[in-house]
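Chain residues, written in single-letter form:
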Amino acid sequence: MIQRLLPPTVAAAVATADAPDTGPLPEEAAALTSACGERRRREFRTTRLCARAAMVKLGVPPAGVPSGPKGEPRWPAGLTGSMTHCDGYRAAAVSRTDDVHAVAIDAERHAPLTAELARHVTVAAEREHLAELAGDHPGVHWETVLFSAKETVYKAFNPLTGRWLGFRDARLSLDPATHTFRARLLQPGPVVEGVGIDEFTGRWAVEEGLVLTAIALPVTAGVTAGRRVLQAV
Ligand SMILES: CC(C)(COP(=O)(O)OP(=O)(O)OC[C@H]1O[C@@H](n2cnc3c(N)ncnc32)[C@H](O)[C@@H]1OP(=O)(O)O)[C@@H](O)C(=O)NCCC(=O)NCCS
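Let us look at the structure shown here.

Another aspect to go through is the pattern of salt bridges. Using the criterion set out here, one finds eleven salt bridges in the structure. For arginine 4, the salt bridge goes to glutamate 207, with nearest N and O atoms at 1.9 Å. You can see arginine 4 sitting in the segment before β1 (10-15) and its partner glutamate 207 sitting in strand β8 (residues 195-207), a full 203 residues away along the chain. Among the ionic pairs, arginine 74 bridges to glutamate 72, the shortest N-O distance being 3.2 Å. Salt bridges linked by common partners bring Asp18, Arg42 and Arg90 together as one network.

Have a look at this one:
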């Protein structure tokens, strides 16, 4: 499913059940401290198996994906990618850095957010947008789509900039007709190919009880109105 949201230069692999415990690769082991429970170990392991399956699809040797100090994945030289896990779903997407500057994916169960979380991750204008969407298209938990899209924005933004981006540091809009989203950055964005990015676009889907969101920034990104936009292809 997630593959449909990504350009063909990105390879994705998905698992809906966890693999038997073969232990992490030595270079990945540091991310799993003794404080990590069995559930965390399972999701970590299976998601990395997805990453290696995606590397094989891409035609590159499968390799370990250690974590950086803030939990960010450290991809092998020449590759970039993203990983996500939620109940019953693990996925990884990997691409060559010759093809994309950044790829980001996120999966959430398609269920309502608590009122407290929904408020925490949105501003008033976004809540009005969500109310309109809910009026026109009932049956979709729009606040969860927006939440997932924001996490995808962070997973694209942070590796490119090394900086934090809070939930209120971008304004999201969701298009129900095209299944795309747009995130206007309220913090300075990454500079890619010499051009500052002030907006990301991505794709979303609600399928089989899941919300899926994805962003990919091709190396030859398009220039829109004098600014470069992260564009889902
Ligand atoms: C990091 C974060 C986005 C992860 O999202 P999540 O829904 O909690 O969890 P997911 O299962 O989808 O993703 C977890 C994976 O994200 C990846 N990840 C973690 N930090 C990351 C970072 N800084 N950059 C890119 N990917 C990151 C890791 O691969 C992690 O899996 P792993 O620990 O097994 O390797 C989230 O925990 C977070 O910190 N959000 C706050 C920042 C934010 O979303 N801002 C909104 C800006 S508009």
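Don't stop here, the text continues.
Interhelical geometry of helix α3 (residues 124-136) versus helix α4 (residues 142-161) gives an angle of 130 degrees and a closest axis separation of 9 Å. Between α3 and α4, the angle falls in the class oblique. Contacts between α3 and α4 pair Glu126, Leu130, Leu133 and Ala134 from the former with Trp142, Glu143, Leu146 and Lys150 from the latter.

Counted under the stated rule, the structure contains three aromatic pairs. With a centroid separation of 5.8 Å and 25 degrees between ring planes, the pair formed by phenylalanine 147 and phenylalanine 167 is classed as stacked. Of this pair, phenylalanine 147 sits in helix α4 while phenylalanine 167 sits in the loop between α4 and β5 (170-175); the two residues are 20 residues apart in sequence, bridging distant segments of the chain. By relative accessible area, phenylalanine 167 is classed as partly exposed at 22%. Here arginine 48 stacks its cationic end above the ring of phenylalanine 44, 3.7 Å away from the centre of that ring.

About the criteria used
Residues numbered from 1 in each chain as written. Predicted model: local features only at pLDDT ≥ 70, side-chain atom pairs only at ≥ 80, totals over all residues. Heavy atoms only, no water. Salt bridge = Lys/Arg side-chain N within 4 Å of Asp/Glu carboxyl O. Helix = DSSP H or I, 4+ residues; strand = E, 2+ residues; numbered from the N terminus. Axes fitted to C-alpha atoms, helices over the stretch in contact; angles between N-to-C directions. Parallel < 35°, antiparallel > 145°, perpendicular 65-115°, else oblique. Contact = heavy atoms within 4.5 Å. Phe/Tyr/Trp six-rings, centres within 6.5 Å; stacked < 30°, edge-to-face > 60°. Buried < 20%, exposed > 50% of the residue type's maximum accessible area, 1.4 Å probe, protein only. Lys NZ or Arg CZ within 6 Å of the ring centre and 35° of its normal.

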